[in-house]
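Tertiary structure, described
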Amino acid sequence: IESMNTVMDDNKMLTLASNERIPLTPTMRLLLEINHMVHCSPATVSRGGVIYVNAEDIGWAPVVDSWINSLEDKQYVPLLIELFG
């Protein structure tokens, strides 16, 4: 993950081990999924956003629950809960 620092800073330039440089275009995004951050430096941590997700929160049910709770018209909430529950 440390080798990703150059692509995560303002330069947005991926530098490969061969010293080849690949620029990221404005439409490109970078998403890294890692198991832990034991070996990450503070520089790496500060360049990225960290999102922690509990194992119980993974799947479609939390998304549906959030959507149902955000509905302004509450008349269909009981039906939706029954259909998705």
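Residues numbered from 1 in each chain as written. Predicted model: local features only at pLDDT ≥ 70, side-chain atom pairs only at ≥ 80, totals over all residues. Heavy atoms only, no water.

A closer look at the environment of Cys-40
Quick note on the threshold: In this text, helices come from DSSP runs of H or I with a minimum length of four residues, and strands from runs of E with a minimum of two, each type numbered from the N-terminal end.
For Cys-40, the location among the structural elements is in the loop between strand E2 (21–23) and helix H2 (42–47). Distance from Cys-40 to Ser-3, taken between C-alpha atoms, is 10 Å for residues 37 residues apart in sequence.

Re the confidence of the model for the protein chain
Quick reminder of the rule: Confidence per residue, as judged by the predictor, is encoded in pLDDT with a range of 0 to 100.
Put simply, the protein chain has an average pLDDT of 85, and 98% of its residues get 70 or more. Ranking the elements of the protein chain by mean pLDDT puts helix H1 (residues 5–8) last with 80 and helix H4 (residues 77–84) first with 94.

Quick look at the side chain of Asp-9
Rules: Throughout, exposure labels follow a simple rule: accessible area from a 1.4 Å probe, protein chains only, divided by the maximum for the residue type, with under 20% read as buried, over 50% as exposed, and the rest as partly exposed. Under this rule, positive means Lys or Arg and negative means Asp or Glu; His and the chain ends count for nothing. We define a salt bridge as a contact between a side-chain nitrogen of Lys or Arg and a carboxyl oxygen of Asp or Glu at a distance within 4 Å. Each polar contact in these results corresponds to two N or O atoms within 3.5 Å; when the atoms are within protein, one needs to be able to donate a hydrogen and the other to accept it, and residues that are neighboring in sequence are counted only if both atoms are side-chain atoms.
Relative to the elements of secondary structure, Asp-9 occurs in the loop between H1 and strand E1 (13–15). There is no salt bridge for the buried Asp-9, and the closest opposite charge comes from Arg-47, which lies 4.2 Å off by N-O distance. A distance of 3.0 Å separates the side chain of Asp-9 from the backbone nitrogen of Asn-11, its partner in a polar contact.

A word on the packing of aromatic side chains
Heads up, the condition is: What counts as a ring pair is set by centres within 6.5 Å for rings of Phe, Tyr and Trp (its six-membered ring), and what kind of pair is set by the plane angle: stacked under 30 degrees, edge-to-face over 60, tilted for all other angles.
Enumeration over the complete set of coordinates arrives at two aromatic pairs. With a centroid separation of 6.3 Å and 50° between ring planes, the pair formed by Trp-60 and Phe-84 is classed as tilted. A residue pair is termed long-range when its members are at least 10 positions apart, and Trp-60 in the loop between H2 and helix H3 (61–70) and Phe-84 in helix H4 qualify at 24 residues. By relative accessible area, Trp-60 is classed as exposed at 54%.

Side note on the packing of H3 against H4
Here is the rule we go by: Note on geometry: axes are lines fitted to C-alpha atoms, helical ones only across the stretch in contact, with angles between N-to-C directions running from 0 to 180 degrees. Should an angle lie under 35 degrees it is considered roughly parallel, over 145 roughly antiparallel, and from 65 to 115 roughly perpendicular; all remaining angles are considered oblique. Only heavy atoms enter the contact rule, under which two residues are in contact if any of them lie within 4.5 Å. Charged means Asp, Glu, Lys or Arg here, nonpolar means Ala, Val, Leu, Ile, Met, Phe, Trp, Tyr, Cys or Pro, and polar covers whatever is left, Gly included.
Closest axis-to-axis distance for the H3/H4 pair is 10 Å, and the angle between their directions is 170°. Looking at the two axes, H3 sits roughly antiparallel to H4. Where H3 approaches H4, its residues Val-64, Trp-67 and Ile-68 are matched on the opposing element by Val-77, Leu-80, Ile-81 and Phe-84. Each residue belonging to the contact of H3 with H4 can be placed in one class, and the counts come to seven nonpolar, no polar and no charged.

Quick notes on the environment of Val-45
The residue Val-45 is located in helix H2 in this model. Residue Val-45 is classed as partly exposed on the basis of its relative accessible area, which comes to 34%. Residues Val-45 and Asp-9 lie 36 residues apart in sequence; the distance between their C-alpha atoms is 11 Å. Excluding its chain neighbours within four sequence positions, the residues that come into contact with Val-45 are Met-37 and Cys-40.

Some words on the environment of Trp-67
Take Trp-67: it is sitting in helix H3. A relative accessible area of 42% places Trp-67 in the partly exposed class. Residues Trp-67 and Asn-35, spaced 32 residues apart in sequence, show a C-alpha to C-alpha distance of 28 Å. Sequence-distant contacts of Trp-67, defined by excluding residues within four places in its chain, comprise Leu-80 and Phe-84.

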